[in-house]
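Observations on chain architecture
Listed here are the chains, written in short residue letters.
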Amino acid sequence: MSQNHHYDAVVLGGGTAGELVAAGLARAGRDVALVEDRLVGGESPYFACVPSKSLLASARRGETWEMALARRDELAGRRGDPAGHRGDDPAVARMAEAGVTVLRGRGRVLEPGRVEVDGAVHGYGDLVVCTGSEPVIPPVEGLADVPLWTSAEALSVPDLPRRLVILGGGPVGCELAQVYAAFGSQVAVVEASGRLLTAEAPFAGEVIADALRRMGVDLRLGAAVGNVERKDVGVRLWLSDGGTLDADRVLVAAGRRPRVAGLGLEGLGVALSPGEGIPVDETCRVPARTGGVWAAGDVTGIARTTHAARYQAQIVLSNLLGQRREADYRAIPRVVHTSPSVYSVGISPRRAAELRIDLLTAGYDLAATARATVEADERGRVELYADRSRGLLVGAAAAGRHAEEWMSEIALAIRAETPLSLLADVVHPFPTYGEAVEAPLRELAERLRDATSEDGTSEEDRDERDRRPGPAGAR
Ligand SMILES: Cc1cc2nc3c(=O)[nH]c(=O)nc-3n(C[C@H](O)[C@H](O)[C@H](O)COP(=O)(O)OP(=O)(O)OC[C@H]3O[C@@H](n4cnc5c(N)ncnc54)[C@H](O)[C@@H]3O)c2cc1C
Ligand SMILES: NC(=O)c1ccc[n+]([C@@H]2O[C@H](COP(=O)([O-])OP(=O)(O)OC[C@H]3O[C@@H](n4cnc5c(N)ncnc54)[C@H](O)[C@@H]3O)[C@@H](O)[C@H]2O)c1
């Protein structure tokens, strides 16, 4: 096949990460092509973050389903219309303005230095893979034979099912359970592990479980779906605990896997493992037989949020523009935007157990803050986690009203390795939920000081220990 054009860089996938890398390189004078086979902008604006947060906000404001849909589709409506018109013109125009060539179609690597996009071949110097992730459909008998929703359908069609069963109680399952329950669907969540938000601190899942139950959501925790059968009206699901559920619609929210299949990366000598992300080093470079392969965003399987995709895109950009920069994943926040919301950062108790880190935990119920009293919303708690051996804050979780807005100082503290004695001296305005971190910070500082004086460790020893690199956080 003859080659159309040789680009300095080809970016595969025009989502959050791909757009940023392509525009940044083009603005720096590089000849760049962005390959996108759906909508420039990717998942976040059309099918994920924006429509889900819009519906959650409408639910909080008590809007009707019709109002909520109108607002959702106005914000995310650039996903196109049923006639097949693509709605991403503003995003494409942004790329053109930056000097990026947008190549519509599915891209795959033919051989080192050459990609094919719907039959046309293009050459490249550097390849940046930003192909995102896709939902996992669990191998449940009968599931493939019934009409399913993934989050993309749930966030783009106008239907409000009377009975909705959600498979999976992770961030997607919890956010969408709250949306549909708020607008009147009878919602059940089937979560195979014993609790919601299983990767996070147990109290967080309990706070969300309580909020969902109060809205009438039927939580089937610790139960897996055995099989699914189509009925005259709707479907029936048989659960491993012997229970059954009837539904008009099944929404699968059972996790996502990096989108790596069919990209031709094996031909570059990239080592791929089933279900895993493209391996990257700390500069987001992909170890490959040939140089010049990079990856950013969900496809790396590392932090899987829009802000992490942006961060990795900036890392790739800096390195491609000749400024070495390494990613640090120790303090990337993870937020579930339910009411109350859940904010986690750094190491979770589960991750600490896997890494055999001896955690010191201190917590505080938000009910004890004056803000909770004046707001008449006492739900929630904050927990802070310190690594006993390093004497540093390494993780935190909070469930509570707007937790995502008042916990950022903890991310900074973890990232900057701020001494606990200094953190415990920080003053928060009264009356705010943010005051809830003061008591646990003081407690951790005191317990670490006591531990230090008991084991005879001097301040100098502690300083030396603090300078050593810590274990990778959210990975
Ligand atoms: C329901 C839901 C809600 C979420 N809410 C939040 C939230 O509130 N906050 C948050 O931070 N994160 C949230 N996320 C996660 C967030 O959406 C992702 O982390 C983010 O979109 C990842 O960006 P990306 O650039 O890696 O991939 P994507 O945005 O998925 O972009 C990848 C692009 O590559 C294209 N592509 C793939 N293969 C090819 C190919 N071979 N050729 C051409 N194009 C290709 C795809 O069409 C796609 O446009 C949510 C996710 C879901 C599912
Ligand atoms: N606010 C945010 O930042 C946000 C919001 C939504 C999603 N996301 C991202 O999207 C990704 C996907 O989220 P998710 O919630 O789909 O995945 P997840 O992997 O976090 O959770 C999936 C859940 O489904 C359960 N499960 C799997 N198979 C099951 C089965 N057969 N029956 C019952 N339960 C089953 C698992 O135990 C797990 O708890 C996450 O990585 C997250 O980072 C982010």
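Rules and cut-offs
- Residue positions are counted from 1 within each chain, in the order its sequence is given.
- Working convention: letters from A go to chains and numbers from 1 go to ligands, in the order in which they are written.
- Predicted model: local features are reported for residues with pLDDT of at least 70 only, side-chain atom pairs are reported and counted for 80 or more only, and whole-chain, interface and lining totals are derived from all residues.
- Water and hydrogen atoms were dropped before computing side-chain values, which therefore reflect all heavy atoms in the structure.
- UniProt positions are given in the numbering used here, feature names are shortened, and annotations may be inferred rather than shown by experiment.
- We call a residue near a molecule or strand whenever a single non-hydrogen atom of that residue lies within 4 Å of it.
- Pairs of N or O atoms within 3.5 Å make up the polar contacts considered here, provided that, within protein, one atom can donate a hydrogen while the other can accept it, and that residues adjacent in sequence are counted only when both atoms are side-chain atoms.
- Only the protein chains shown count as cover for residues, and the accessible areas themselves come from Shrake-Rupley with a 1.4 Å probe.
- In this classification, Asp, Glu, Lys and Arg are treated as charged, Ala, Val, Leu, Ile, Met, Phe, Trp, Tyr, Cys and Pro as nonpolar, and every other residue, Gly included, as polar.
- Residue ranges assigned to the domains are those given by an automatic or database domain assignment.
- Under the scheme applied here, a residue whose accessible area is under 20% of the maximum for its type counts as buried, over 50% as exposed, and between as partly exposed, the area being computed with a 1.4 Å probe on protein chains only.
- Counting from the N terminus, the helices are DSSP H or I runs at least four residues long and the strands are E runs at least two residues long.
- Note on pairing: two strands pair once DSSP finds at least 2 bridges between them.
- Salt bridge criterion: a side-chain nitrogen from Lys or Arg within 4 Å of a carboxyl oxygen from Asp or Glu.

Going by what an unreviewed UniProt entry lists, the chain is known as Dihydrolipoamide dehydrogenase and is assigned to Actinomadura meyerae. UniProt's Sequence similarities (unreviewed entry) comment on the chain is quoted here verbatim: "Belongs to the class-I pyridine nucleotide-disulfide oxidoreductase family."

Brief notes about the site of ligand 1
What surrounds ligand 1 is a group of 37 residues, the closest being Glu36, Lys53, Gly107, Asp298 and Thr306. Side-chain polar atom of Asp37 to an oxygen atom of ligand 1: 3.1 Å apart, as the coordinates give it. Within the backbone of Gly107, one N or O atom sits 2.9 Å away from a nitrogen atom of ligand 1. Starting from 1000 Å² of accessible surface for ligand 1 in isolation, the protein chains cover 93%. Grouping the amino acids of the shell around ligand 1 by side-chain chemistry returns 10 nonpolar, 17 polar and 10 charged. Split by domain, the shell around ligand 1 shows at least three residues from each of two domains, domain 1 (6-39 + 87-135 + 257-321) and domain 2 (148-254).

Description of the pairing of strand 6 (residues 120-129)
In summary, the side chains of a regular strand alternate between the two faces of the sheet. Within strand 6, seven of the 10 residues are buried, leaving the element largely enclosed by the surrounding structure. Where strand 1 (residues 3-12) and strand 6 come together, seven bridges link them in parallel fashion. Paired with Ala9 across the bridge in strand 6 is Asp126. By the bridge criterion, four bridges tie strand 5 (residues 114-117) to strand 6 in an arrangement that is antiparallel. Within strand 6, the residue paired with Val117 across the bridge is Ala120.

So, the environment of Asp241
Residue position: Asp241 is located in the loop between strand 13 (235-239) and strand 14 (244-247). Reaching out from Asp241, the side chain makes a polar contact with the backbone nitrogen of Gly243 at a distance of 2.9 Å.

Things to note about the pattern of salt bridges
Going through the model one piece at a time under the given rule, you end up with 34 salt bridges. A salt bridge links Arg72 to Asp73; the nearest nitrogen and oxygen atoms lie 2.8 Å apart. Taking relative accessible area as the criterion, Asp73 reaches 29% and is therefore assigned partly exposed. Where Arg163 meets Asp248, a salt bridge forms, and the shortest distance between an N and an O atom there is 2.7 Å. With a gap of 85 residues between them, Arg163 in strand 9 (residues 163-167) and Asp248 in the loop between strand 14 and strand 15 (249-252) connect regions that are remote in the sequence. For Asp248, a relative accessible area of 28% gives the class partly exposed. Each of Arg38, Glu43, Glu134, Arg256, Arg257 and Arg259 takes part in salt bridges that share partners, so that together they form one network.

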